[in-house]
Amino acid sequence: MRTGIRQLVGVGVALLATGASANTALSLRPLPRPPITASSDPTERAVIVSIRPAMRQGTAPLVTRAEATPVSTSGFSTWMTEFSRRARAAGIRQATLDRAFAGISLNQRVIERDQNQAEFSRTLWDYLDSAASDTRVANGRAALREHRATLARIERRYGVEAEIVTAIWGLESAYGTFRGEVPIIEAMATLAYEGRRQEFFEAQLIAALRIVQAGDTDPAHLRGSWAGAMGHTQFMPTSFLAHAVDFTGDGRRDIWGDDPTDALASTARYLSENGWTHGQPWALEVTLPSGFDFSQSGETVRHAAAHWNAMGVRLADGGRIPDHGPSSILLPAGHRGVALVIYENFHVIETYNPADAYVIGVGHLADRIAGAAEFRGGWPREDRALSNDERFELQRRLTAAGFSTRRVDGIIGPLTIQAVREYQSSEGLVPDGYASETLLRRLRRG
């Protein structure tokens, strides 16, 4: 089950600044960490700003600063009264509403953040330099050592490897150091009132009220990012209701406190319920034979290991491709970059966040935490990421040249990749589907 916005990482990772910087167990203590400031090196910052869980469920297009419009506070109390009526009809008790809405007001800072989401792009290799930096890997190994017993219990319960859960923890909140401090109920009410995505944020607000009503936490501790992502592993309220667990057995599903147990277990349950297969890699690095048929690459082409082995595809260390079920060849930076054979677990991570960069970041960080080396292949580091406007332009120019992308949406997905391949073939280029700045310049000249 894959939902939300897709972004081919070879073109650049479209990142949205929507966050702050989705039984018994052993008690866990928070990891001691040095202070992290705004001037810290990027590899030490707590959160790689990436598409938040809200984006996995659909959002409105970005609004530039020039297009942002002020939101009047005059109707907020009227809206709150009307919403309260809908909430009571949905089963929220008046006592819960009184507790949750005490003292809240329209949060203009949240509106500003929502209306001025800064769209920028990073290449995959730049993203990975931070996502799987030596600092983040070292902190991940320390977190795994400190919490090994509990993570092992979680792995036995849900069948999700401890390294994968730890890697998600590392990318979402830098192992709990940056969990977000925005009051969730006030933020969700504000964004629902703002109205651009009223249905979505009302659903999140109802879910947040259900969390309070169930006693998992109180309104004062229900905190996270301005867009609603919460806790150690950044669950949206609706995802919390669907997947969160009380692994400590204290009667509360607490993903916000210093003890990360419930958050880690909830993340494992999320992946398990979305189809995780224990023992199956998310991906393996491979090398491609001379004369490889690039029409065989891409997530839509799936074959058994025997097919790839017969074609001469080999693991980076020279070994044969192991049989872990149907797999695809992914070239996130074209034929000059790292090549991967990806398995179904790759797509399971996509359900947590659909950006390929995020999936590769989680998987590679997990491998590094487990002791693996960095990718052996190189990256076309001289390339830069395409901007949002350039991705739209690329699609328009491909379609005008007779290689239809079917739609012009700025998302470099399978249809655009196929159009790029067809154009590359017509021009005598390597048809790897890589949408680069060089390709766009060639289209402009044509």
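Residues numbered from 1 in each chain as written. Predicted model: local features only at pLDDT ≥ 70, side-chain atom pairs only at ≥ 80, totals over all residues. Heavy atoms only, no water.

### Considering the nonpolar core
The nonpolar side chains of soluble globular proteins are, as a tendency, buried together.
Phase 1: With 93 residues, the main nonpolar core has Phe101 and Leu209 as its most contacted residues.
Phase 2: Not counting the four nearest positions on each side in its chain, Leu209 is found in contact with Phe83, Ala87, Ile92, Thr96, Leu97, Ala100, Phe101 and Ile185.
Phase 3: In terms of nonpolar packing, the next biggest core, distinct from the first, is built from 14 residues, Val301, Ala305, Trp308 and Tyr343 among them. (Core = buried A, V, L, I, M, F, W, Y, C linked by side-chain atoms within 4.5 Å. Buried < 20%, exposed > 50% of the residue type's maximum accessible area, 1.4 Å probe, protein only. Contact = heavy atoms within 4.5 Å.)

### A short note on the packing of helix 16 (residues 414-426) against helix 17 (residues 437-445)
Phase 1: At a closest axis distance of 12 Å, the pairing of helix 16 and helix 17 adopts a crossing angle of 65°. Two packed elements cross with a definite hand, and for helix 16 against helix 17 that hand is left-handed. Here Val420, Tyr423 and Gln424 of helix 16 come into contact with helix 17, specifically with Leu439, Arg442 and Leu443.
Phase 2: Of the residues contributing to the contact of helix 16 with helix 17, the split by class is 4 nonpolar, 1 polar and 1 charged. (Axes fitted to C-alpha atoms, helices over the stretch in contact; angles between N-to-C directions. Helix = DSSP H or I, 4+ residues; strand = E, 2+ residues; numbered from the N terminus. Left-handed = near helix turned anticlockwise from the far one by under 90°. Nonpolar A, V, L, I, M, F, W, Y, C, P; charged D, E, K, R; others polar.)

### Concerning the environment of Gly159
Phase 1: Mapped onto the secondary structure, Gly159 falls in the loop between helix 6 (148-158) and helix 7 (162-173).
Phase 2: Between the C-alpha atom of Gly159 and that of Leu271, which follows or precedes it by 112 residues, the distance is 9.2 Å.
Phase 3: Apart from the residues lying within four places of it in its own chain, the contact partners of Gly159 are Ile154, Trp276 and His278.

### A closer look at the pattern of salt bridges
Phase 1: Using the criterion set out here, one finds 23 salt bridges in the structure.
Phase 2: With a shortest N-O distance of 3.1 Å, Asp129 and Arg381 are connected by a salt bridge. Of this pair, Asp129 sits in helix 4 (residues 124-131) while Arg381 sits in the loop between helix 14 (356-369) and helix 15 (388-400), placing them 252 residues apart in sequence.
Phase 3: Among the residues examined, Asp129 registers a relative accessible area of 38% and is labelled partly exposed.
Phase 4: The residue Arg384 makes a salt bridge to Glu390 at a minimum N-O spacing of 2.6 Å. (Salt bridge = Lys/Arg side-chain N within 4 Å of Asp/Glu carboxyl O.)

### A closer look at the sheet that holds strand 6 (residues 314-315)
Pairing between sheet strands relies on hydrogen bonds along the backbone, with the strands arranged either parallel or antiparallel.
Phase 1: Across the sheet, which stays open at both edges, the 4 strands sit in the order 6-5-8-7 with antiparallel pairing between neighbours. In the strand order of this sheet, the two ends are held by strand 6 and strand 7 (328-330), each with one partner.
Phase 2: When strand 7 meets strand 8 (residues 339-342), the two strands line up antiparallel, connected through 3 bridges. What sits directly across from Ser328, in strand 8, is Ile342. (Pairing = 2+ DSSP bridges.)

### Considerations on helix 15
Phase 1: For helix 15, with 13 residues, the first-to-last C-alpha span of 19 Å sits near the 18 Å given by 1.5 Å per residue.
Phase 2: Looking at helix 15, one finds that the buried residues are Glu390, Arg391, Glu393, Leu394, Gln395 and Leu398.
Phase 3: Backbone geometry just after helix 15 places Gly402 at a positive phi near 100°. (Expected span 1.5 Å × (residues − 1).)

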